Amino acid sequence: MTGLVWFRRDLRLGDNPTWSEATRNHDRVTALFVLDPSILRSAGPHRRPQLEAHLRALDRRLAAHGGRLKVRAGSPEEVLRSEAREAEAVYWNDDYSPYASQRDQRVTDSVSVPTVRFNGVVVHPPGSIRSGKGEPYKVFTPFYRRWATLPITKTTSPGKAEVGSDPGEGVPETTSAILDGGEDAANTRLAAFLEAVDVYAEERDRPDLNQSSRLSSDLKFGTLSAAALASKVGTATAGREAFVRQLAWRDFHFQVLAANPHMLQRALKPEYDEIAWRDDTEGLAAWQSGNTGYPIVDAGMRQLRADGWMHGRVRMITASFLVKDLLIDWRLGERHFRRLLLDFDPAQNVGNWQWVAGTGTDAAPYFRIFNPVTQSKKCDPQGDYIKRWVPELSKLHGPAVHAPWEADPDSLASAGVVLGKTYPAPIVEHRQARERTLAAYRQAVG
Ligand SMILES: Cc1cc2nc3c(=O)[nH]c(=O)nc-3n(C[C@H](O)[C@H](O)[C@H](O)COP(=O)(O)OP(=O)(O)OC[C@H]3O[C@@H](n4cnc5c(N)ncnc54)[C@H](O)[C@@H]3O)c2cc1C
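Throughout this document, residue positions are counted from 1 along each chain, in the order its sequence is written. Residues qualify for local features only when their pLDDT is at least 70, as the model is predicted, and side-chain atom pairs are given and counted only at 80 or more; totals for whole chains, interfaces and linings, by contrast, use all residues.

Focus: the nonpolar core
Here is a general trend for soluble globular proteins: nonpolar side chains tend to be buried in one another's company.
Reasoning step 1: What we call a nonpolar core is a set of buried Ala, Val, Leu, Ile, Met, Phe, Trp, Tyr and Cys residues whose membership is set by joining through C-beta atoms within 7 Å. Three exposure classes are used, all based on how many other C-beta atoms lie within 10 Å of a residue's own C-beta (placed from the backbone): buried at 20 or more, exposed at 12 or fewer, and partly exposed between those limits. Ranked by internal contacts, the top residues of the largest apolar core, which has 75 residues, are A226, A230 and I386.
Reasoning step 2: Numbering of helices and strands runs from the N terminus, with a helix taken as a DSSP run of H or I at least four residues long and a strand as a DSSP run of E at least two residues long. It is helix α11 (residues 238–259) that contributes the most residues to this core, eight residues altogether.
Reasoning step 3: Domains are outlined according to an automatic or database domain assignment. The residues that make up this core include at least three from each of domain 2 (122–153 + 182–259) and domain 3 (270–445).
Reasoning step 4: By definition, residues are in contact whenever their C-beta atoms, placed on the basis of the backbone, come within 7 Å of each other. In this view, I386 contacts P295, I296, A299, D380, L393 and V401; residues no more than four positions away in its chain are not counted.

The structure is reproduced here in structure tokens:
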């Protein structure tokens, strides 16, 4: 009898518990992917072609087993109801966003065969780590202490089931994707990162050095397994340990959102919904397009637009600038990142936005506000990252690249920079903006 394997955000055959179990338990499996219009509608310009590139690669992998990926467009419950008629059981790896949980419940209710579910998305699933009181954690450090002690489940190797050969509607034609698709390409990216993992602890906050793994979108689409990655990297050096700790952050945000689904729309700490955000269409547009006059912010926002990715430290700086310098609602920033990030994940995005805004899980008080110029000097000392993304400043020397408005007129002139013409003058003055934000937060939360 046939097992139906529903691929979602686990687009790989290696280290995939669902694939392994279904191909062991059945003589024949159907590998299904559903093009869900309600996900595709919000996929943005980068994620959709990337998804299609991964699906094409998965289809090629299945062809090596004599089968095809069956692709069908439609609502998951309708597609699954009809596909499951031929099957003995439906298999999938769990996903934990409010949308995914509700969808999976609807599918479970609509199919007439058993559903068999695994964890192939996170290292330790939401619910597996609880505080002493049996509650989900809201603070990372105690969560991590517990997380780091749990054994990581190893995936068994796949079985010998025959793979169905019906391609369904087939994978849509792709306009070019940012990354090469599929798990082989993801493993090549991983191998390149493993060469540098031992310096990760010292260099991960340096966007100019580009030493973070850049594996976030492979984790998002599941072309890499988070659990296998954590096992493979291990904790033998400070760099490895620091990297695996970031995977724990990822699990942490999954469990925070699963326990607090309202935080997609509202502040995790409800009193912070009282903040009087500014309505500033021009400021928002300047931030989105990378024209705030703060070079590190503009570099990050331009990288996001071009690459569908932004370095993690710069995500924090740009997000903090929107919320704490422009006093614009974090939800507008979250929405912009959601549209453009290749690695967009509801839990990671909203969790980090609320962390930066001080409305979520960050234990630091809201009055600790990033200074974008100090941050810029720290994370991009020579300004190489800025110059890569803001070429109109590439001829500036020394610290002027972090705050061109402080440079003397001769250095600006010899670098061809005319503030307000070739590059924007700063749209806010940080010290004043900081005071304005502190007043707004104070008024809301005391
Ligand atoms: C405002 C804001 C929005 C963000 N939105 C997303 C998002 O939608 N999707 C997403 O995957 N990450 C998001 N992040 C987290 C983080 O910035 C990225 O995961 C990381 O920069 C990706 O680059 P990397 O793979 O080189 O990371 P590395 O530094 O190599 O880290 C390894 C992995 O650990 C995980 N990780 C690292 N930092 C974090 C973090 N702060 N929170 C959760 N997981 C983390 C990621 O899976 C990452 O791939 C956001 C951060 C901020 C500040």
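What about the environment of Y144?
Reasoning step 1: For Y144, the location among the structural elements is in helix α6 (residues 140–147).
Reasoning step 2: For the pair formed by Y144 and W249, sequence separation is 105 residues and the distance between their alpha carbons is 7.9 Å.

What to know about the site of the ligand
Reasoning step 1: Near the ligand there are 28 residues, and of these S212, S213, Q246, G312 and N352 occur at the shortest range.
Reasoning step 2: With six residues, the single largest contributor to the shell around the ligand is α11.
Reasoning step 3: Looking at side-chain class alone, the shell around the ligand contains 12 nonpolar, nine polar and seven charged residues.
Reasoning step 4: Counting contributing residues, the shell around the ligand receives three or more from each of domain 2 (122–153 + 182–259) and domain 3 (270–445). Note on definitions: a residue is near a molecule or strand provided its C-beta atom, placed from the backbone, lies within 6 Å of it. Nonpolar residues are Ala, Val, Leu, Ile, Met, Phe, Trp, Tyr, Cys and Pro. Charged residues are Asp, Glu, Lys and Arg, and all others, Gly as well, are polar.

Topic: the packing of helix α14 (residues 312–325) against helix α16 (residues 346–357)
Reasoning step 1: Remark: α14 packs on α16, axes separated minimally by 9 Å, with the N-to-C direction vectors making an angle of 60°. Looking at the two axes, α14 sits oblique to α16. Considering only the axes of α14 and α16, their crossing is right-handed. For the pair α14 and α16, contact is made by R315, M316, A319, S320 and V323 and by N352, W353, V356 and A357, respectively. Each axis is a line fitted through C-alpha atoms, and for a helix only the stretch in contact is used; angles between axes span 0 to 180 degrees, taken between their N-to-C directions. The labels follow the angle: roughly parallel below 35 degrees, roughly antiparallel above 145, roughly perpendicular from 65 to 115, and oblique for the rest. Crossing handedness follows the turn of the near helix against the far one: under a right angle anticlockwise gives a left-handed crossing, and clockwise gives a right-handed one.

As for unusual backbone geometry
Reasoning step 1: Look at D15: it is not a glycine, yet its phi comes out positive at around 50°.
Reasoning step 2: Secondary-structure assignment places D15 in the loop between β1 (2–7) and α1 (17–25).
Reasoning step 3: Using a count of 22 C-beta atoms within 10 Å as the deciding quantity, one classes D15 as buried.
Reasoning step 4: Of note, the phi angle at N210 is positive, near 55°, even though the residue is not glycine.
Reasoning step 5: Counting through the fold element by element, N210 comes out in the loop between α8 (200–203) and α9 (216–221).

Some thoughts on helix α20 (residues 430–445)
Reasoning step 1: To estimate how far a helix should extend, the number of its residues minus one is multiplied by 1.5 Å. For α20, spanning 16 residues, the distance from its first C-alpha to its last is 22 Å, which sits close to the expected 22 Å at 1.5 Å a residue.
Reasoning step 2: Backbone geometry just downstream of α20 places G446 in the positive-phi region, at approximately 85°.

Concerning the pairing of strand β5 (residues 115–118)
Regular strands show a simple pattern: their side chains alternate between the two faces of the sheet.
Reasoning step 1: Two strands qualify as a pair provided that DSSP identifies no fewer than 2 bridges between them. Bridge count for strand β4 (residues 87–93) against β5 is four bridges, and the pairing is parallel. Across the sheet, residue V90 finds its bridge partner in β5, namely T115.
Reasoning step 2: For the handedness criterion, the β-α-β arrangement of β4, helix α5 (residues 98–110) and β5 is classed as right-handed. Crossovers are marked right-handed if the path from the first strand over the helix to the second runs clockwise, as seen with the strands pointing away from the viewer.

Thoughts on the domain arrangement of the protein
Reasoning step 1: Its domain assignment divides the protein into domain 1 (2–119), domain 2 (122–153 + 182–259) and domain 3 (270–445).
Reasoning step 2: For domain 1 and domain 3, the distance between their C-alpha centres works out to 38 Å.
Reasoning step 3: The interface of domain 1 with domain 3 comprises seven residues on the first partner and eight residues on the second.

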